[in-house]
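Examining the three-dimensional arrangement
Here is what each chain is made of, one letter per residue.
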Amino acid sequence: MGPAPLAPVSAPASGPFAEPTPTAELLERLATALLELGLPVHRLEEAVERLARALRVSVDFVGAPTSLILAVGEGERAVVRVVRVQPRGADFARLHDLYALVGQIERRELGPTEACQRVMAIVASPTRYPWLPWLLAHGMLSASAAVLLGGGVLEVAVAGALGLVLGGGTRLGDGAHAHSGNLSPARAAAVASAVAYS
């Protein structure tokens, strides 16, 4: 989902604005979603190139961890987008679904409009992991780290409890607005630190 992109800019700037196309919208939404959900930039470039070949369009792409510039088409009629992205952190379940979608597009199983709707549905979908396993996994991971570091029973118990706090904080940020979602793990870490030093 993420913030709305800036207005389209034609190339050159003095020429007429290019009308957005379903193909350009698909490339923009999919690239934004992949970056937002934690795909590294070099892998994102590969995905955009695969899509461009499948859709038979010319694409110029520049990606950074928090932004991307995408030009679809050639000359004065190119559709150019500058998008600011708020990364959520790695979400491998949704990334898997988006990569499967890229494969469907390559096999011509979906058109740009339908594929664009699928991207939005994947990004908006709830997390697949229930609360209890999520919290237990964080608690067990923290407790295991305490064991590896030579902690005793008390340290293992405290680490497990802090892991539960951190797990709950990160889960509260899942699916929230981009800014609040990024702050939830920091809030959880602050609470865990306060508990550890009290």
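Quick look at helix α2 (residues 41-55)
End to end, α2 covers 21 Å across 15 residues, agreeing with the expected 21 Å (1.5 Å per residue, within 8%). Listing the buried residues of α2 in full gives Val41, Leu44, Ala47, Val48, Leu51, Ala52, Ala54 and Leu55. Each buried residue of α2 sits inside an arc of 165° when the element is viewed along its axis, so together they form one side. Residues of α2 that are buried in the fold lie against α1 (22-36), β1 (59-64), β2 (67-72), α3 (92-106) and α4 (112-124). At the C-terminal side of α2, Arg56 shows a positive phi close to 60°.

Some points on the pattern of salt bridges
Pairs may arise between side chains of opposite charge once their charged atoms sit close together. One pass over the full model with this rule turns up six salt bridges. Note that Arg81 is salt-bridged to Glu28, the shortest N-O span being 3.1 Å. You can see Arg81 sitting in strand β3 (residues 79-84) and its partner Glu28 sitting in helix α1, a full 53 residues away along the chain. In this structure Arg81 comes out as buried when scored by relative accessible area, which is 11%. Accessibility expressed as a relative area gives 10% for Glu28, which makes it buried. Two residues, Glu46 and Arg43, come together in a salt bridge whose shortest N-O distance is 3.9 Å. With a gap of three residues between them, Glu46 and Arg43 both fall in helix α2, about one helical turn apart. For Arg43, a relative accessible area of 34% gives the class partly exposed.

A look at the confidence of the model for the protein
Averaged over every residue, the pLDDT of the protein is 79; residues scoring 70 or more account for 77%. Across residues 175-181, confidence stays below pLDDT 50; counting only partners more than four residues off in sequence or on other chains, it has six contacts.

Here we look at the sheet that holds β3
Here three strands make up an open sheet; going across it, the order is β1-β2-β3 and the pairing antiparallel. Looking at which strands have only one partner, the edges of the open sheet turn out to be β1 and β3. Across this sheet, the average inter-strand angle for adjacent strands is 5°, counted without regard to direction. With six bridges joining them, β2 and β3 adopt antiparallel strand pairing. In the sheet register, Leu70 faces β3, and the bridge partner there is Arg81. Packing against the sheet, α1 makes contact with β1, β2 and β3, and its axis sits at approximately 160° to β2. Most of the contacts of α2 go to β1, to which it runs at about 165°, and overall it touches β1 and β2.

Some words on unusual backbone geometry
At Arg56, a position not held by glycine, the phi torsion is positive, near 60°. Inspection of the secondary structure puts Arg56 in the loop between α2 and β1. Taking the relative accessible area as the measure of exposure, Arg56 reaches 70% and is therefore exposed. Positive phi outside glycine occurs at Arg108, with the angle close to 65°. Within the secondary structure, Arg108 is located in the loop between α3 and α4.

As for the environment of Thr66
Tracing the backbone through its elements, the reader meets Thr66 in the loop between β1 and β2. The partly exposed category is assigned to Thr66, whose relative accessible area is 43%. If sequence neighbours within four positions are ignored, Thr66 has contacts with Val83, Arg84, Val85 and Pro87.

About the criteria used
- Residues numbered from 1 in each chain as written.
- Predicted model: local features only at pLDDT ≥ 70, side-chain atom pairs only at ≥ 80, totals over all residues.
- Heavy atoms only, no water.
- Helix = DSSP H or I, 4+ residues; strand = E, 2+ residues; numbered from the N terminus.
- Expected span 1.5 Å × (residues − 1).
- Buried < 20%, exposed > 50% of the residue type's maximum accessible area, 1.4 Å probe, protein only.
- Arc of directions from axis to C-beta.
- Contact = heavy atoms within 4.5 Å.
- Salt bridge = Lys/Arg side-chain N within 4 Å of Asp/Glu carboxyl O.
- pLDDT = per-residue confidence, 0-100.
- Pairing = 2+ DSSP bridges.
- Axes fitted to C-alpha atoms, helices over the stretch in contact; angles between N-to-C directions.

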